[in-house]
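Survey of secondary and tertiary structure
What follows is each chain in one-letter form.
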Amino acid sequence: MFKKLFLLSFFTFFVFLLSNEYFNWIEYNQTASIDFRLSKNIDKSLESIPKKTLTPIPSTKNAPNIINEVQGITNSNSAILQSNVIYIDILPKVINSGEFFMVRIDGDINQNTSVFFLDKIFPVFGNKLDGYSTFIGVPLNTAEGTYEITLSKTPNNKTIFTNNNTVQILKKDRGFDYISLSNEILSSSFSDDSLKIDSEIRSEASRMFSVSQYWTGPFDIPCAGDITTMFGVGRSYNKQPISSYHLGLDIGAKKYEKIFAPASGVIKRVDDSPLRGVLVYLDHGAGVQSSFAHLNSTLVSAGDIVRRGDLIGLVGSSGASTGPHLHWEVSVWGVLTDPLSWTQSSLF
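Source: prediction; values computed, not measured.

1. Looking at the overall build of the protein
Of the regular secondary structure elements, the protein holds four helices and 26 strands. Within the span of the protein, comprising 348 residues, buried residues form 48% of the whole. Intrachain contacts of the protein at a sequence separation of at least 6 include 70% that bridge at least 24 residues. Summing over all exposed atoms, the protein offers an accessible surface of approximately 16900 Å²; the carbon and sulfur share of this is 53%.

2. Topic: the sheet that holds strand β11 (residues 150–152)
Pairing within the open sheet is antiparallel, and its three strands lie in the order β7-β6-β11. The sheet terminates laterally at β7 (120–123) and β11, the two strands that pair on one side only. When the angles between neighbouring strand axes are averaged without regard to direction, this sheet yields 35°. Of the strand pairs in this sheet, strand β6 (residues 114–117) and β7 are connected by four bridges, and their pairing is antiparallel. Among the inter-strand pairings, phenylalanine 116 is bridged to a residue of β7, identified as isoleucine 121.

3. Brief notes about the sheet that holds strand β17 (residues 244–245)
Overall, mixed pairing links the three strands, which are arranged β14-β16-β17 in an open sheet. Because the sheet does not close on itself, it has two edges, and the strands there are β14 (176–179) and β17. Judged from the four bridges that link them, β14 and strand β16 (residues 234–237) form a sheet pairing that is parallel. Across the sheet, the residue bridging to tyrosine 178 is serine 236, located in β16.

4. Details of a nonpolar patch on the surface
A contiguous nonpolar patch, built from Phe176, Tyr178, Ile242 and Tyr245 and spanning about 490 Å² of accessible area, is present on the exposed surface. Among the secondary structure elements, phenylalanine 176 is positioned in strand β14.

5. Considerations on unusual backbone geometry
The linkage connecting leucine 91 with the following residue, proline 92, adopts the cis geometry, with an omega of -20°. Of note in this structure, aspartate 119 is not a glycine but carries a positive phi near 65°. The backbone of tryptophan 333 sits at a positive phi, close to 50°, despite the residue not being glycine. With respect to the helices and strands, the residue tryptophan 333 is situated in the loop between β25 (325–332) and β26 (335–337).

About the cut-offs
Residues numbered from 1 in each chain as written. Predicted model: local features only at pLDDT ≥ 70, side-chain atom pairs only at ≥ 80, totals over all residues. Heavy atoms only, no water. Helix = DSSP H or I, 4+ residues; strand = E, 2+ residues; numbered from the N terminus. Buried < 20%, exposed > 50% of the residue type's maximum accessible area, 1.4 Å probe, protein only. Contact = heavy atoms within 4.5 Å. Areas by Shrake-Rupley, 256 points an atom, 1.4 Å probe, with all protein chains shown as cover. Pairing = 2+ DSSP bridges. Axes fitted to C-alpha atoms, helices over the stretch in contact; angles between N-to-C directions. Patch = residues over 30% accessible without salt bridge, like charges linked within 9 Å, V, L, I, M, F, W, Y side chains within 5 Å. Salt bridge = Lys/Arg side-chain N within 4 Å of Asp/Glu carboxyl O.

The structure is reproduced here in structure tokens:
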């Protein structure tokens, strides 16, 4: 009898996994050529995200714009069936380059619906707010101006409503730094081979994303210390012209200072780069990931599930570093963004 009950329970649990997780992953895997393998059976063990209602978007009586698929704004209409309407909203509508915004979609869409921005395709995902959304990062080198956001592959006979299908990008003066590096560091960490290795690590880490959003609420600063270099600062090495920009946040800290997860997620990769030293990549889901560089040591392994505040490593000075500090990066769909913007946002 006990054996029969056990087999029945196991079979029920197996069917549950297939119906609620596996097929959800398969649908999103077909959205674009992105590997979503980390999306299965993870988010339920992380922070629970309460059910909410999307902020209402003004009705058609206020004459919102109607946009066709990828064609831009056309006109204003009324008397359109509610079942044939898709609402989109862009939050915030004005940001600096190097920051991020959210596109929220409310309506009956399919998993093949995508968002277009800067000639790139971004998949949408269920946001646990009774709708769909995606986060989009704005590259630091984006020119100031107003940019259009469009949808594609929406279900047939659907009309798209939006108050404004554009986002305004501003340029922020982020300053520059002069950095002195020894010949030893230059020859080892900045050699062609070293730069190639680091580039391959970045490319591999940006090729695989999770769909489920594993965190809620603004990110935490991952370790104690003073911010020594802001995101986007231009860099001059050994009095040479500015050749690159700082695409993370540097926190000066004592050696062996503890580094904590700024938000929940899954450890995607632990590696060692000649340029960035000992590295940890943390996948937060929804295309968002953190990386932590120049560590002394790591206390996690690829595949580990971590929650906000879990210990992941210790501050060090590995790689091309002039002293103990943490270099923290946050990217969304592979675009590096200002980590501080994730600690101050009210979008999640």
